[in-house]
Amino acid sequence: MSAELRAYLFAHPVAHTLSPVIHRAALAAVGMHGSYRPEDVAPQDLAARLLALRAEALNPLTVGANLSLPHKVAALPLLDGLTPAARAIGAVNTLYWEDGQLLGDNTDAPGLQAALRDAGFAPDQASQAVLLGAGGAARAALWVLRDWGIPAQILNRTLGRAEALAEEWATPSWTVEAARPEEVDWSAVRLIINASSAGLDRPEETPLLLSAAQWEALPAGALVYDIVYRPRLTRLRRDAEQHGCRSEGGLGMLAHQAALAFRRWTGAEVSAGVLIEAAQAELGRSA
Ligand SMILES: NC(=O)c1ccc[n+]([C@@H]2O[C@H](COP(=O)([O-])OP(=O)(O)OC[C@H]3O[C@@H](n4cnc5c(N)ncnc54)[C@H](OP(=O)(O)O)[C@@H]3O)[C@@H](O)[C@H]2O)c1
């Protein structure tokens, strides 16, 4: 295809994003031409920017946009409709056109689900998961755990936020509760997901301080998935690996959510592995 596709990223700030590199790699991988344009959009300017985007609705080459912090929730009332995942999570990261309507999807959640599978996690309703964090990314993780039917405990720095989240997400057929670390039966936990921002650009910070005995109580093969990917090896991952747990960082989620957005916009499938390589190269350059 020789036509120039166009997609945007609206975020604030936007400077350190890896998404342009990832989407350029996606275009190259499938032999398409186009641009992915990051724009710093302040919160008070989002409505006007989406109105301007709507003016491009008739241009088939403008395929959509990604939204990142702080717009993922604020955009909801500005759209014509939401996918079921976006509605359940209450946040959108991908905007696309359908029959002239501007719709919102959430590819973070299925992106995380795919990354967990890549990391060798086999969903098993008999095991427990621990979720760290109670913000937007935690909502995507709850969608994954509920979809798999894996009972979960939410640990968060501010316990009240974890309690509110558990109350909102629990269903008659799926258990989720807020907990403190000392209330968790670590011997039943096969998956720990860090969906908090602890550790982001701060190598010594961790959202979970466990004793050696608690780490060692985790079953063999337990996985710690840290959605933070900068630094590559967070303190949480180092602690986990030191005590014999498997760990994985958040680049897989980032790559899969991008591949899913790219498929929405172009219909083309791109392998997450190619996108992870592009992101790793960029991280190496900026380290
Ligand atoms: N890999 C990916 O593709 C991907 C996708 C989306 C997001 N992310 C990452 O996910 C992280 C969370 O994003 P978000 O949108 O959920 O942010 P958010 O809504 O601001 O929530 C932040 C969460 O982190 C907790 N937290 C912050 N600093 C902490 C600390 N020092 N110790 C313990 N807990 C701390 C907060 O606890 P309180 O409630 O106590 O404030 C809150 O639960 C970010 O690092 C983001 O970059 C990665």
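Residues numbered from 1 in each chain as written. Predicted model: local features only at pLDDT ≥ 70, side-chain atom pairs only at ≥ 80, totals over all residues. Heavy atoms only, no water.

Thoughts on the side chain of N156
Along the polypeptide, N156 turns up in the loop between strand 8 (152-155) and helix 6 (159-169). Residue classification places N156 among the buried positions, given a relative accessible area of 19%. At a separation of 3.4 Å, a polar atom in the side chain of N156 contacts the main-chain amide nitrogen of A134. Within the local environment of N156, its side chain forms a polar contact with the backbone oxygen of T158, the two atoms lying 3.1 Å apart. (Helix = DSSP H or I, 4+ residues; strand = E, 2+ residues; numbered from the N terminus. Buried < 20%, exposed > 50% of the residue type's maximum accessible area, 1.4 Å probe, protein only. Polar contact = N/O pair within 3.5 Å; in protein donor to acceptor, adjacent residues only side chain to side chain.)

Concerning helix 6
The set of residues buried in helix 6 consists of A162, L165, A166 and W169. The arc that holds every buried residue of helix 6, seen down its axis, measures 100°, which confines them to one face. Summarising the contacts, the buried residues of helix 6 are in contact with helix 3 (84-89), helix 5 (136-148), strand 8 and strand 9 (176-178). (Arc of directions from axis to C-beta. Contact = heavy atoms within 4.5 Å.)

Quick notes on the UniProt feature "domain: SDH C-terminal" (unreviewed entry) in the protein
Within this numbering scheme, the UniProt entry marks residues 250-280 as carrying the feature "domain: SDH C-terminal" (unreviewed entry). Annotated as residues 250-280, this span is 81% helix and 0% strand, and its ends, taken at the C-alpha atoms, are 11 Å apart. (UniProt positions renumbered as here; feature names shortened; annotations may be inferred.)

Some thoughts on the pairing of strand 12 (residues 246-249)
The alternating pattern of strand 12 places S247 and G249 on a buried face, while none of R246 and E248, on the opposite face, is buried. One ladder, built from 4 bridges, connects strand 11 (residues 223-226) with strand 12; its direction is parallel. Bridge pairing in strand 12 places Y225 opposite E248. Handedness of the strand 11-helix 8 (residues 235-242)-strand 12 crossover: right-handed. (Pairing = 2+ DSSP bridges. Right-handed = clockwise from strand over helix to strand, strands pointing away.)

Concerning the sheet that holds strand 9
Pairing is parallel in the open sheet, where 6 strands are placed in the order 9-8-7-10-11-12. Of all strands in the sheet, those bounded by a partner on one side alone are strand 9 and strand 12. The sheet shows a mean angle of 20° between the axes of neighbouring strands, taken without regard to direction. The sheet contact formed by strand 7 (residues 128-132) and strand 10 (residues 189-194) spans 5 bridges and is parallel. Across the sheet, L132 pairs through a bridge with N194, a residue of strand 10. (Axes fitted to C-alpha atoms, helices over the stretch in contact; angles between N-to-C directions.)

Quick word on the packing of helix 5 against helix 6
Between helix 5 and helix 6, the shortest axis-to-axis distance is 12 Å and the interhelical angle comes to 40°. Regarding the angle of helix 5 to helix 6, the classification is oblique. Note that helix 5 runs across helix 6; the crossing there is right-handed. Contact residues: helix 5 offers A138, R139, L142, W143 and R146, while helix 6 offers L165, E168 and W169. (Parallel < 35°, antiparallel > 145°, perpendicular 65-115°, else oblique. Left-handed = near helix turned anticlockwise from the far one by under 90°.)

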